[in-house]
Amino acid sequence: MPIDPSFLTAGPEWQIGGVGGGAGAPAAPGGPSGTGFGAMLGDQLSQLEQLQDGAAGASRSLADGTATDPTAAVVAVERAQLAMQLASQLRTKGVEALQDVFHTQV
């Protein structure tokens, strides 16, 4: 199945910026809350939480019959699932990298 390129630019959650928040990096939807890696990580985790909350609300409305568009609810749940899988894989890679650093002989 081909990927629609317009889907990748559909919203601010798909915009990719630099880690340092340089001139070419787009601003976060809520505005920058700080600088550096820790602030970026915190912003991404809050966006993940918002995706999870939106998916929970969409599935709740689908379950009680108040959803106007069932496909939007399914897309919200799938997007939240993919975001969680990505976060989990990044955490695993980070832990593995940290373990490699700890096992390095000096």
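In terms of regular secondary structure, the protein is built from 3 helices and 0 strands. Walking the protein from its N terminus toward its C terminus, one meets helices and strands in the order α-α-α. Looking at the protein as a whole, 9% of its 106 residues qualify as buried. If you sum the accessible surface of the protein, you get close to 8300 Å²; carbon and sulfur atoms cover 63% of it.

The subject of this paragraph is helix α3 (residues 70-102). Here α3 is 33 residues long and its end C-alpha atoms lie 48 Å apart, about the 48 Å a rise of 1.5 Å per residue gives. Looking at the buried residues of α3, the elements they touch are α2 (37-64).

Let's shift gears to the packing of α2 against α3. With their axes 8 Å apart at the nearest point, α2 and α3 run at an angle of 145° to one another. Where α2 crosses over α3, the handedness of that crossing is left-handed. Residues L48, L51, Q52, A55, A58, S59 and L62 of α2 form the contact with α3, whose own contacting residues are P70, A73, A76, V77, R79, A80, A83, M84 and A87. Of the residues contributing to the contact of α2 with α3, the split by class is 13 nonpolar, 2 polar and 1 charged.

In this section: the environment of R60. Of note, R60 is situated in helix α2. A relative accessible area of 55% places R60 in the exposed class.

Below, the discussion takes up the confidence of the model for the protein. Per-residue pLDDT for the protein averages 79, and the proportion of residues at 70 or more is 68%. For the protein, the element scoring lowest by mean pLDDT is helix α1 (residues 5-8), at 50; α3 scores highest, at 94.

Turning to the environment of D69, a few remarks are in order. Position of D69 among the secondary structure elements: in the loop between α2 and α3. Since its relative accessible area comes to 39%, D69 is described here as partly exposed. Sequence separation between D69 and A58 is 11 residues, and the spatial gap between their C-alpha atoms is 9.6 Å.

Our next topic: α2. The end-to-end C-alpha distance of α2 is 41 Å, a good match for the 40 Å that 28 residues give at a rise of 1.5 Å each. Looking only at α2, the buried set comprises A39, D43, L48, A55, A58 and S61. Against α3 lie the buried residues of α2. Directly after α2, the chain includes G65, whose backbone phi takes a positive value near 85°.

This brings us to a nonpolar patch on the surface. The grouping of F37, L41 and L45 at the surface amounts to a nonpolar patch, some 310 Å² of accessible area in total. Take L45: it is sitting in helix α2. By relative accessible area, L45 is classed as partly exposed at 49%.

Quick notes on the rules
- Residues numbered from 1 in each chain as written.
- Predicted model: local features only at pLDDT ≥ 70, side-chain atom pairs only at ≥ 80, totals over all residues.
- Heavy atoms only, no water.
- Helix = DSSP H or I, 4+ residues; strand = E, 2+ residues; numbered from the N terminus.
- Buried < 20%, exposed > 50% of the residue type's maximum accessible area, 1.4 Å probe, protein only.
- Areas by Shrake-Rupley, 256 points an atom, 1.4 Å probe, with all protein chains shown as cover.
- Expected span 1.5 Å × (residues − 1).
- Contact = heavy atoms within 4.5 Å.
- Axes fitted to C-alpha atoms, helices over the stretch in contact; angles between N-to-C directions.
- Left-handed = near helix turned anticlockwise from the far one by under 90°.
- Nonpolar A, V, L, I, M, F, W, Y, C, P; charged D, E, K, R; others polar.
- pLDDT = per-residue confidence, 0-100.
- Patch = residues over 30% accessible without salt bridge, like charges linked within 9 Å, V, L, I, M, F, W, Y side chains within 5 Å.
- Salt bridge = Lys/Arg side-chain N within 4 Å of Asp/Glu carboxyl O.

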